[in-house]
Amino acid sequence: MTLEIDPDAVLWNTPTDEREGRPLLVVMHGRGSNEADLFALAEELPAEYVIASVRALIPEGGGWSWWAAGGANVSGDPDPENVDAAAAAVLTWLDAQPFTPSMVGTLGFSQGGVMSVHLLRRQPARIAFAVNIAGYLVRGEQASDALLEARRPPVFWGLGAADGLFTPEVIARTQPWLDEHTTLEAHVYDGLGHTISRDELNDVVAFLRARLETN
């Protein structure tokens, strides 16, 4: 079965006729949540961005997830093929947009943070940067990893020091890879669990503003 983004479930911060030629930020929520979750932050992000908050693909727990739980799809170690399929759905939706952005960035929390970097890995020539909040790297290789290493696009990676998702194995898989393949801005927040703090949001806003200055 081919997974598809529901275009009617995407939340936008700008009307259709105001999107052409502006930077696009694709926002992806975490497991079991929905498109309204991170969209609540839109007013605090730089106003120059067109923000599209996308609903995930698989119903779970009254919300939506990017891949199914269970089996090998445990937190911190999903099957790469399932994340590939989710990324392909987002990229297909992106292809269908009737406007041309000046650049495309990704931002996500937890599963959505995983997706933010995975989209970058799938199409590094298209995705200019990624904001990975409380997410990690999917194991395995991607065909474009060598191109990504050559381009080294900017990536924000934020995690809470008290976030139980970040086992030593997850950190050992994620940190070295991001260091080697991207221009990494990493932040660890003391006492923070699996959530977003005000300090982290301020750092994300600063990161996004810096991307506008280099666009």
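Residues numbered from 1 in each chain as written. Predicted model: local features only at pLDDT ≥ 70, side-chain atom pairs only at ≥ 80, totals over all residues. Heavy atoms only, no water.

**Q** Quick question: what am I supposed to make of the sheet that holds strand β8 (residues 154-160) here?
**A** Hydrogen bonds between backbone atoms are what pair the strands of a sheet, whose relative direction is either parallel or antiparallel. Strand order in this open sheet of seven strands is β1-β3-β2-β6-β7-β8-β9, and the pairing throughout is mixed. Two strands close off the open sheet at either side, each with one partner strand: β1 (11-12) and β9 (183-189). The sheet contact formed by strand β6 (residues 104-109) and strand β7 (residues 127-133) spans six bridges and is parallel. Bridge pairing links Val 104 to Ile 127 in β7. The strands that helix α3 (residues 111-122) touches are β2 (24-28), β6, β7 and β8; relative to β7, the one it contacts most, it runs at about 160°. (Pairing = 2+ DSSP bridges. Helix = DSSP H or I, 4+ residues; strand = E, 2+ residues; numbered from the N terminus. Contact = heavy atoms within 4.5 Å. Axes fitted to C-alpha atoms, helices over the stretch in contact; angles between N-to-C directions.)

**Q** Honestly, helix α5 (residues 168-181) in this entry has me stumped. Any pointers?
**A** Three or four residues apart is the spacing at which side chains of an α-helix point the same way, because the helix has 3.6 residues per turn. An ideal rise of 1.5 Å per residue puts 20 Å on 14 residues; α5 measures up with 20 Å between its terminal C-alpha atoms. Along α5, the residues classified as buried are Val 170, Arg 173, Thr 174, Trp 177, Leu 178 and His 181. Considered in projection along α5, the buried side chains sweep an arc of 105° and stay on one side of the axis. The exposed residues of α5 that point more than 90 degrees off its buried face are Pro 168 and Ala 172. Close packing links the buried residues of α5 with α3, α4 (145-151), β8 and β9. (Expected span 1.5 Å × (residues − 1). Buried < 20%, exposed > 50% of the residue type's maximum accessible area, 1.4 Å probe, protein only. Arc of directions from axis to C-beta.)

**Q** Which parts of the structure should I look at to understand the pairing of strand β3 (residues 50-54)?
**A** In terms of burial, β3 is a largely internal element, five of the five residues being buried. Burial of β3 is two-sided: the residues Val 50, Ala 52 and Val 54 facing one way and the residues Ile 51 and Ser 53 facing the other way are all buried. Pairing between β1 and β3: two bridges, direction antiparallel. Residue pairing across strands places Trp 12 opposite Ala 52, the latter belonging to β3. The sheet contact formed by β2 and β3 spans five bridges and is parallel. Along β3, the bridge assignment pairs Val 27 with Ser 53.

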